[in-house]
Every structure is written in structure tokens, then in C-alpha cells.
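Listed below are the residues making up each chain.
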Amino acid sequence: MSTSTIYLGTVGWTIPKTSVEQFATEGSHLLRYASRLPAVEVNTTFRQWHQPATLARWAATVPEGFRFALKAPQSITHEAGLAKCDEPLARFLHDTAALGGKRGPLLVQLPPSLGFSRAIAAGFFSLLRQAYAGPVVCEPRHPSWFTPAVNRMLVEHRIARAAADPPPVPAAGNPGGWRGLAYYRWHGSPRIYYSEYDASALQVLSQRLIASAASAETWCIFDNTALGFATTNALEMARLLGPG
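Position labels on residues start from 1 in each chain and follow its written sequence. The model is predicted, so local features are restricted to residues of pLDDT at least 70 and side-chain atom pairs to those at 80 or more, both for listing and for counting; the totals for chains, interfaces and linings are taken over all residues. Where side-chain values are given, they derive from all heavy atoms of the structure, hydrogens and water being excluded.

Caption draft 1: Spotlight on the overall build of the protein. Secondary structure follows DSSP: runs of H or I at least 4 residues long count as helices, runs of E at least 2 residues long count as strands, and numbering of each begins at the N terminus. Each helix and strand in the protein was counted, giving eight helices and 10 strands. The C-alpha radius of gyration computed for the protein amounts to 17 Å, which stays within 12% of the reference 18 Å derived for 244 residues, consistent with globular compactness. Each of the three principal axes of the protein carries a C-alpha extent, and together these read 50 × 40 × 35 Å. Remark: exposure states derive from per-residue accessible area (1.4 Å probe, protein chains only) relative to the maximum for the residue type, with buried under 20%, exposed over 50%, and partly exposed in between. Going through the 244 residues of the protein one by one, you find that 50% of them count as buried. Here the protein displays about 10800 Å² of accessible surface, and carbon together with sulfur accounts for 55% of that area. Positive: Lys, Arg. Negative: Asp, Glu. His and the chain ends are not part of the count. Each charge is placed at NZ for Lys, CZ for Arg, CG for Asp and CD for Glu. Within the protein, the 16 negative side-chain charges are centred at a point lying 3 Å from the centre of the 22 positive side-chain charges. Throughout, radius of gyration means the C-alpha value; the globule benchmark is 2.2 Å times the number of residues raised to the power 0.38. For the accessible areas, the method is Shrake-Rupley and the probe is 1.4 Å, while residue cover comes only from the protein chains on display.

As C-alpha cells, this is what we get:
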């Protein structure tokens, strides 16, 4: 490819039995996973706090070019609704800094019930940007977030909006917000978390990723993990994208 790196991976680094023969047989699950895929999205940070020493160990396990995307804690997104969350945000940023240069985008996934409030959203992203200059992607799921005004607010704070499948509203299927980062989260369709993407869908997505990577850092994360199809789809996507 004559494009920049596409960070391709799955949610978590579990290797399902259906794909085990395509990975090395020795080493930790993370080491074996990282031998085939260049990125992973860590969702366990949503529900639990990891010790910095644990994250530092992860970083030491994987190759230099590997990256970890990290889901923001539920205490920030679902319990506080982005409001008055200075303490958990500071802790999240501090602890995940242990990944060093292997820390990738921070994922702020919002609950479907959380409507857009400009005061709350702008306040949160301003607070985040005062403390952290790295890549951030937001995955809103309430229809009120998909307007030109919200998009401008995200651009102002250099926050990318994830492209999700299946999309909760039509606009959610395409990247939005700040265009320096494109982050595709494919959850499984039509049955979320379960369905496998067929060859035709993957071919279309591969062309979108290649086009995106010509101008922006591009991520593609498969979240259809329930039956192991995320790994199958990620490996097939790696084949479609080719070396590099």
C-alpha cells in the first residue's frame, strides 16, 4: 500500500479456537496476537482500573509499532455522563501513560441515552485537551450528536467521531469530527457482536480504509467477538490490505 499504517485489530486479544492455527503456538496470548495484528482495543478499562505496572508489561510484550486503543471508564461516560469527572479522567490518563508511545487513541463511547449538551460536552473535551494532546475518538449513539453544530465542536477540540456498524443513525456509519483520525468500529451486522462480515462487506471496507489512510491515521477494530468472528474478519482484512 502507498498509504500510512492502518491499525487493524479486535476488541481484546483472545484467540478463538477457530483461528488458533494462524497464530504462533508459544508465548502469552498478547504476544501471539501481536505477531499477526498491529493493534488492539482494550475494553477492560471501561469496567476496571489496571495498575500502571500491568500496562507497562503489556507495552514491553508487543513489537515497537503495536498500539493499544483504550476505552474510557464507565465512571466518566456512563455514570457521570461526561460531567464533573475530573478525578477519574486524571487517573485514567495517568495510569494509561504507562503504555508510553504504544498508547493509541482514547475511545469515549457514550451510552445511547446520553443526549448532546453543548455545555457538558465542550467542558469535558476542554478538560481532556488541557491534560492530553494525543488522539481521541468519540462514539456517540444518541441521534442528537449527529448535527453540523456538534461536528464543529468536535473539530474544535480535535476529537474524531467513530464510524460504527451497525450505525445507530445513518450518519454514524461514516467518520466525523476531526479528520486527522479515522476510527472504524465494526460491531457485527445484522446481529451485533455475533454476525460475521462476508467477503463482499470486507472488500468494500478495505477500500474505505485504504482511501482514509491516504490522509489520516486510520483504525479498524472488529467487535464481533461473541463467536470469534472478530479475529476471522481481522485476519481476512489483513490479507486484503496486504503487506505494510
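Caption draft 2: Representation of the packing of aromatic side chains. Note on aromatic contacts: the rings of Phe and Tyr and the six-membered ring of Trp form a pair at centre separations within 6.5 Å, being stacked when their planes are under 30 degrees apart, edge-to-face when over 60 apart, and tilted otherwise. Going through the model one piece at a time under the given rule, you end up with 11 aromatic pairs. Between Phe 124 and Phe 125, the ring centres sit 5.2 Å apart and the planes meet at 65 degrees, which makes this aromatic pair edge-to-face. By the burial criterion, Phe 124 is buried, and Phe 125 matches it. Connected via pairs of aromatic rings, a cluster forms that spans Trp 13, Tyr 33, Trp 58, Phe 66 and Phe 68. Distance and angle both matter: a charge sits over a ring if NZ of Lys or CZ of Arg is within 6 Å of the ring centre and within 35 degrees of the ring normal. Above the face of the Phe 23 ring, Arg 36 is positioned so that its terminal group lies 6.0 Å from the ring centre.

Caption draft 3: Broad picture of the side chain of Thr 10. Mapped onto the elements of the fold, Thr 10 is located in strand β1 (residues 6-11). Each polar contact in these results corresponds to two N or O atoms within 3.5 Å; when the atoms are within protein, one needs to be able to donate a hydrogen and the other to accept it, and residues that are neighboring in sequence are counted only if both atoms are side-chain atoms. Only 2.7 Å separates the side chain of Thr 10 from the backbone oxygen of Gly 12, close enough to count as a polar contact. Other than its neighbours up to four places away in sequence, Thr 10 contacts Tyr 33, Ala 39, Val 40, Glu 41, Ile 221, Phe 222, Ala 230, Thr 231 and Ala 234. Contact definition: two residues touch when any of their heavy atoms are within 4.5 Å.

Caption draft 4: Seen up close, the pairing of strand β5 (residues 136-139). Of the two faces of β5, the one carrying Val 136 and Cys 138 and the one carrying Val 137 and Glu 139 are both buried. For two strands to be treated as a pair, DSSP must find no fewer than two bridges joining them. The sheet contact formed by strand β4 (residues 103-109) and β5 spans four bridges and is parallel. Paired with Leu 107 across the strands is Val 137, a residue of β5. Here, the term right-handed applies to a crossover whose path from the first strand over the helix to the second runs clockwise when the strands point away from the viewer. What joins β4 to β5 is helix α5 (residues 118-131), and the crossover it makes is right-handed. Bridge count between β5 and strand β6 (residues 160-161): two bridges; the pairing is parallel. Within the sheet, the bridge partner assigned to Val 137 lies in β6 and is Ala 160. In terms of handedness, the path from β5 via helix α6 (residues 148-156) over to β6 forms a crossover that is right-handed.

Caption draft 5: Quick look at a nonpolar patch on the surface. Side chains of Ile 192, Tyr 193, Tyr 194 and Leu 227 sit close together on the surface and give an oily, nonpolar patch of about 350 Å² of accessible area. Along the chain, the position of Tyr 193 falls in the loop between β9 (181-186) and α7 (199-213). A patch consists of residues exposed above 30% relative accessible area that lack any salt bridge, with like charges linked at up to 9 Å and nonpolar side chains (Val, Leu, Ile, Met, Phe, Trp, Tyr) linked at up to 5 Å. For salt bridges, the criterion is a side-chain nitrogen of Lys or Arg within 4 Å of an Asp or Glu carboxyl oxygen.

Caption draft 6: Here's a closer look at the pattern of salt bridges. Counted according to the given criterion, the structure contains five salt bridges. Between Arg 185 and Glu 41 there is a salt bridge; the shortest N-O distance is 2.4 Å. In this pair, Arg 185 is assigned in strand β9 and Glu 41 in strand β2 (residues 39-42), connecting sequence segments 144 residues apart. Considered together, Arg 185 and Glu 41 belong to a single accessibility category, that of buried residues. Among the salt bridges present, the one from Glu 156 reaches Arg 118, with a minimum N-O distance of 3.9 Å. Taken together, the residues Glu 156 in helix α6 and Arg 118 in helix α5 connect sequence positions 38 residues apart. Residue class for Glu 156 comes out exposed when judged on its relative accessible area of 57%. Arg 118 gets classed as partly exposed once you look at its relative accessible area, which sits at 44%. Through salt bridges with shared partners, a single ionic network connects Glu 41, Glu 139 and Arg 185.

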